[in-house]
Amino acid sequence: MKNENKIAELMQGGLRYRGAAVKFAGGKKVDLRNTDARVETTDGGARILVSLEEYTAEFIYRKVDTNVVSCKAVLTPKGKVKDSVREITAMRVFCLAEQDAPLIMNHFTEVGIVERQKRNKKDFSENHLSLFPKNAADKAVTFTAGLPAKFYSRVEYEQRKNGVLFNVNTIIPYSYEGKIESETWFITVNKSPTEAWEWTAKRFATDRTFETPVGWSTWDYYFTSATENDVKENVDFIAADEILSKKIRYIALDDGWQQREGDWKSGARYPSGLKSLVQYINSKGFEAGIWIAPTRLHFLCGTVMRRNDFLVLDENGDPIMDEDMYVLDPTHPDGEKFLRETFAYLNDCGFRFYKLDFVSNMTKFAQRFYDKSAGHFDALNRLFTIARESVAKGSHIMGCSLPYGADVSLSDSRRTGIDIHNTFKHLKKCTEMALWQYASNERLYKNDLDYLLVRGKDTTTDSQTNVLNPNGGKYKAEPTETFRWRDGEDFSYTEAKCWCGVILMSGSSVFLGDKLPLLNGKGLDLIKKTLENADFHAAKPVLTGLEGLPEIWKKEQTGSVYVFNFGEEEKTYDLELKNGTYRDIFDEKSYVVADGALRVSIAAHDCVCLYKQ
């Protein structure tokens, strides 16, 4: 390829351009460096023009900001296409780096800050990835997919002898027809990951005013077993409490209220019906919320038995499966009709908060849609548009498992990762998953780390502080698993306090998930202090350049600082703070800072949450 140096001039910070590529369904792969391509200079960048057998391809590279380069590919079919495009590599780039440099990954693969293993196999991350040498977080290279996405995006990376080779890819559905545009990828160099994440969030920020939902939910204490009487018992408790009654707005029914996934009517545990229960909730001064997995239909549900033309199909025309669930296609006319009927029913019952779960199944499993011009995220965005149009104006919609690439204007809040359960391993995992998403809070949407749980041996009168792990047998047969569902001992008091601190640090929405009447004074005190001190702003992690989950987080808006000891032994932390008096919101101890520094010692699995007075 001639004049390749025009693209190389855009590269900086040790990056080297290594071309681009297109992969077809039939197995053919075209590397642009081996084609007769033409490179042209554009305003602020360059582009590659190349004629493929069935497509005219354009690869666009631009310098969009200080130390930020973008890349994008556009493929236009010349006529009827015989061999569909399956993958576009908008850019291959080589980064000089230490072999043991830590990587920061997003939560679809590895999470937190993990040390890069010396291996040669390819691995990948979705939407976000950062790499930096040890002790030099300000020298990071970060890859970020633009918003909103159309197709599934990922960064492939492979350790080489003296660095790492990256491919920024767009994955295309098998049957997609028409003009294909890859995601716009942004490559940031010589900036810390926090600078790169904040740059991205600011670039795509909306001008909306965000409501932070605060409530109580049937999940996680009851799992799927909550009954109508369980809900009323907790509602009555909240209504009778002077603090909780003022702070709580929503009472939400989570998984288990339905007859079966796909048959979205109230089940046997709610004999009076949903509308009657909502009226009871409203009579106590609260609004009602509900969980739904709108695109999942159990293979034995009545809907699938009699109405199944709207299922997502594979490349052979057979319905795909997500575990034991079929996947609904919102681009199908009857799929849209079914969704509108379902949300209209829930709206008529009086629900004003909606938690849409498992929606990533369309990006994970779908290979084609009824609308052949729809990409993965087109279908996902269509789902949320239908939901928004079908419920009362002002209703809050939360996306759960909603991938980062979805249109940020369609949901009000989003879960940042997996379920929290009352074990310290889950606490760490949920914190890791929030790491790179802190910058999105109140810019793109409201973050939701998941439920505020405090129950454990020190905080409840209940003898059974956890429900049975339904996957226990599977994981007992796989003892080498490093993390598993409900793994570890239930919360101690300090661990429960630590989770409260993480919720405050993250600026997350707050939904209580315990059986409140059984909490003791210590447990209720943790909840009330969390609710009374929540400002819903996200703290920024202090990256030291070392591997591991950041333990010091600061809020620029308030001057608050949060320190978590995620380790197994007591640690001493030297904090740089503005002079003044700080108060720990949980033990109410005061600290005076006179010289811009404070040293604190924190026990294992404990925290200090300092608010500037």
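Refer to the preceding data block for the structure.
What you see is a predicted model; the values in this text were computed from it and never measured.

Concerning the nonpolar core
In terms of nonpolar packing, the biggest core is built from 123 residues, with F351 and W499 touching the most fellow members. Ranked by residue count, the leading element in this core is helix 12 (residues 493–506), at 8 residues. Residues within four places of W499 in sequence aside, it is in contact with I420, L427, C430, L449, D450, Y451, L452, L453 and F491. Formed by 47 residues, the second largest nonpolar core is a distinct cluster that contains F151, I180, W185 and I187.

Observations concerning the side chain of T35
Residue placement: T35 occurs in the loop between strand 3 (29–31) and strand 4 (38–42). Side-chain polar atoms of T35 contact the backbone oxygen of L32, separated by 2.8 Å.

Considering a nonpolar patch on the surface
The grouping of F299, L300, M305 and M321 at the surface amounts to a nonpolar patch, some 350 Å² of accessible area in total. As for its placement among the helices and strands, F299 is situated in the loop between strand 23 (296–298) and helix 6 (302–306).

A few points about the environment of S409
The residue S409 is located in the loop between strand 27 (396–399) and strand 28 (413–415) in this model. On a C-alpha basis, the gap between S409 and F384 in space is 9.7 Å, while along the polypeptide they are 25 residues apart. A distance of 2.9 Å separates polar atoms of two side chains, one belonging to S409 and the other to D407.

Overview of helix 10 (residues 424–434)
Of all 11 residues in helix 10, 8 are buried; the element is thus mostly enclosed. By the burial criterion, the buried members of helix 10 are F424, H426, L427, C430, T431, E432, M433 and A434.

A closer look at empty space enclosed by the protein
Counted under the stated rule, the structure contains 8 cavities of 30 Å³ or more. In this structure, the largest cavity spans a volume of roughly 70 Å³. For the lining of the largest cavity, the secondary structure elements donating two or more residues are strand 19 (250–253), strand 22 (287–292) and strand 26 (351–356). Its residues assigned to classes, the lining of the largest cavity comprises 8 nonpolar, 1 polar and 5 charged. Roughly 60 Å³ of internal volume is contained in the second largest cavity. Lining the second largest cavity we find T416, T431, A434, Q437, Y438, N447, L449, M505, S506, A539 and W553. When residues of the lining of the second largest cavity are traced back to their parent elements, those giving at least two are helix 10 and helix 12.

With respect to the packing of helix 12 against helix 13 (residues 521–533)
Between helix 12 and helix 13, whose axes approach to 10 Å, the crossing angle comes to 15°. Taken together, the axes of helix 12 and helix 13 are roughly parallel relative to one another. Two packed elements cross with a definite hand, and for helix 12 against helix 13 that hand is right-handed. Listed contacts from helix 13 to Y493, A496, K497, C500, I503 and L504 of helix 12 are K522, L526, T530 and N533. Of the residues assigned to the contact of helix 12 with helix 13, the class counts are 6 nonpolar, 2 polar and 2 charged.

A closer look at the sheet that holds strand 23
What links the strands of a sheet is backbone hydrogen bonding, and the strands pair in either a parallel or an antiparallel sense. The strand order across the open sheet formed by 3 strands is 23-25-24, and the pairing between neighbours is antiparallel. Only two strands of the sheet have a single partner each, and these edge strands are strand 23 and strand 24 (321–322). Bridge count for strand 23 against strand 25 (residues 325–327) is 3 bridges, and the pairing is antiparallel. By the bridge assignment, H298 is partnered in strand 25 with M325.

Re unusual backbone geometry
Look at the link from L147 to P148: it is a cis peptide, with omega at -15°. As for its position among the elements, P148 is in the loop between strand 13 (140–145) and strand 14 (152–160). Its identity is not glycine, yet S401 carries a phi of approximately 70°, on the positive side. With respect to the helices, strands and loops of the structure, S401 is situated in the loop between strand 27 and strand 28. Although it is not a glycine, E588 adopts a positive phi angle of roughly 60°. With respect to the helices and strands, E588 occurs in the loop between strand 35 (580–584) and strand 36 (590–593).

Focus: the layout of surface pockets
If you add up the space inside the second largest pocket, you get close to 310 Å³. In this structure, the second largest pocket is lined by 16 residues; those nearest its centre are V81, S84, S175, Y176 and E177. Looking at the lining of the second largest pocket residue by residue, the class counts come to 6 nonpolar, 4 polar and 6 charged.

Digging into the packing of aromatic side chains
This model, assessed by the stated rule, comprises 21 aromatic pairs. Note on F143 and F166: the rings are 4.6 Å apart at their centroids and 40° apart in plane angle, and the pair reads as tilted. Here F166 lies in strand 15 (residues 163–171) and F143 lies in strand 13, a separation of 23 residues in the sequence. F166 matches F143 in its accessibility class, with the two residues each being buried. Seen in terms of ring centroids, F151 and Y176 are 5.0 Å apart; in terms of plane orientation they differ by 85°. Their pairing is edge-to-face.

Criteria and thresholds
Residues numbered from 1 in each chain as written. Predicted model: local features only at pLDDT ≥ 70, side-chain atom pairs only at ≥ 80, totals over all residues. Heavy atoms only, no water. Core = buried A, V, L, I, M, F, W, Y, C linked by side-chain atoms within 4.5 Å. Buried < 20%, exposed > 50% of the residue type's maximum accessible area, 1.4 Å probe, protein only. Helix = DSSP H or I, 4+ residues; strand = E, 2+ residues; numbered from the N terminus. Contact = heavy atoms within 4.5 Å. Polar contact = N/O pair within 3.5 Å; in protein donor to acceptor, adjacent residues only side chain to side chain. Patch = residues over 30% accessible without salt bridge, like charges linked within 9 Å, V, L, I, M, F, W, Y side chains within 5 Å. Areas by Shrake-Rupley, 256 points an atom, 1.4 Å probe, with all protein chains shown as cover. Salt bridge = Lys/Arg side-chain N within 4 Å of Asp/Glu carboxyl O. 1 Å grid on protein atoms, 1.4 Å probe; cavity = no way out; pocket = protein on both sides within 12 Å on 5 of 7 lines; lining within 4 Å. Points joined across faces, edges and corners; volume = space filled by probe spheres on them. Nonpolar A, V, L, I, M, F, W, Y, C, P; charged D, E, K, R; others polar. Axes fitted to C-alpha atoms, helices over the stretch in contact; angles between N-to-C directions. Parallel < 35°, antiparallel > 145°, perpendicular 65-115°, else oblique. Left-handed = near helix turned anticlockwise from the far one by under 90°. Pairing = 2+ DSSP bridges. Phe/Tyr/Trp six-rings, centres within 6.5 Å; stacked < 30°, edge-to-face > 60°.

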